[in-house]
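A closer look at the structure
Chain residues, written in single-letter form:
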Amino acid sequence: MTREEGYNIAIAGATGAVGGAMLDVLERRNFPVKELRLLASERSVGKKLVFKGREIPVQLLDKNAFAGIDVALFSAGASRSLDFAPAAAEAGAVVVDNSSAFRMDPEIPLVVPEVNAHAIAQYTKRGIIANPNCSTIQMLVALKPIYDSVGIKRIVVSTYQAVSGSGANAIEELKNQVKAYAAGEKLQNNVYPHQIAFNCLPHIDSFLDNGYTKEEMKMVNETRKIFEDNSIGVTATTVRVPVVFGHSESINIETDRKISAAEVKELMLTAPGVKLVDNPADNEYPLALDSEGKFETLVGRIREDESIEKGINMWVVADNILKGAALNAVQIAEVLIEKYID
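Values in this document were obtained by computation on a predicted structure and should not be read as measured data.

1. Side note on the packing of helix α1 (residues 17–28) against helix α9 (residues 322–340)
For the pair α1 and α9, the least separation of the axes is 9 Å and the interaxial angle reads 50°. When the axes of α1 and α9 are compared, the pair comes out oblique. Relative to α9, α1 is oriented so that their crossing is right-handed. When α1 is examined against α9, the residues Val 18, Ala 21, Met 22, Val 25, Leu 26 and Arg 28 are found in contact with a partner set consisting of Leu 322, Ala 325, Ala 326, Leu 327, Ala 329 and Val 330.

Put into structure tokens, the structure is as follows:
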């Protein structure tokens, strides 16, 4: 990084949950911001958000909003990303997009900085970098050290995903259902097809012809793209659970070469972005509640799979709004200004 005065940053979708988290992460990580441009839809224009103690008014997200911007962090949904991200790139900004719009585009890098930061260099093709799905991000942060050490042949993952992944309305629906249950009233559901309070829904995003959901296939396809390895077998079951923040994952892997649970724990101790929480004797293991507001991906319950020769089980938890979205995007921006943008 050589620009002493800082960088001009835009947040598209600034008034949403992830946009607000991006604002917070920029401040928490002391990102060198010269100008901060907050962008949203017409109904939010004029609203003021606070960054480092000063109020910044929200401006209209349109194709002319990116003049002079160095990095544009997008969290405005796939359709708006498709509409406005190319215009931002055309204006000279590097776009880091949190939606699904560009993830599987072969010309656009899909990046988890702890895993494949080298891929950021490909941004020059289209001026856009894609943020992976939240569930994929935390899984690969935990698996990358193992992949590098002994290789991974197959991944079987079941996720337990917080309602915040569906947005503010889903959080409100869960809270209202809990209140209604306590009051003995009828529970209403609008966001989800079934009651979410005191329930688990094995259904995230729409179902595909192969019986998987889009969310499940995102994990399959994104894992192979990020690892640059189409030989890895990946199968996923994604479940929505009545938790507000923090996605949890039960991960079973079959490695190419044998590795012990003790060796995996040693890898986790020095793995970038990982915090090892693995002391079952004292009931210490990753909890969704403990992940809220944390930058680290929590890893624990590491044990050898006794049903196969080269198998490992682990439990991985992360704040889906932070590492699963806002933090990952800001980390990509940090690499951009450190290595690529003068």
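2. As for the sheet that holds strand β8 (residues 128–130)
Taken in spatial order, the 6 strands make up an open sheet running β5-β2-β1-β6-β7-β8, and their pairing is parallel. The sheet is open, and its two borders are formed by β5 (59–60) and β8, each paired with just one other strand. Pairing of strand β7 (residues 94–97) with β8, which is carried by 3 bridges, proceeds in the parallel orientation. Residue pairing across strands places Val 96 opposite Ile 129, the latter belonging to β8. Of the strands in this sheet, β1 (7–12), β2 (33–40) and β6 (71–74) touch α1, which is tilted by about 155° from β1. Relative to β6, α9 is tilted by about 165°, and along the sheet it contacts β1, β6, β7 and β8.

Quick notes on the rules
Residues numbered from 1 in each chain as written. Predicted model: local features only at pLDDT ≥ 70, side-chain atom pairs only at ≥ 80, totals over all residues. Heavy atoms only, no water. Axes fitted to C-alpha atoms, helices over the stretch in contact; angles between N-to-C directions. Helix = DSSP H or I, 4+ residues; strand = E, 2+ residues; numbered from the N terminus. Parallel < 35°, antiparallel > 145°, perpendicular 65-115°, else oblique. Left-handed = near helix turned anticlockwise from the far one by under 90°. Contact = heavy atoms within 4.5 Å. Pairing = 2+ DSSP bridges.

Bear in mind that shape data such as this cannot, by itself, settle questions of function.
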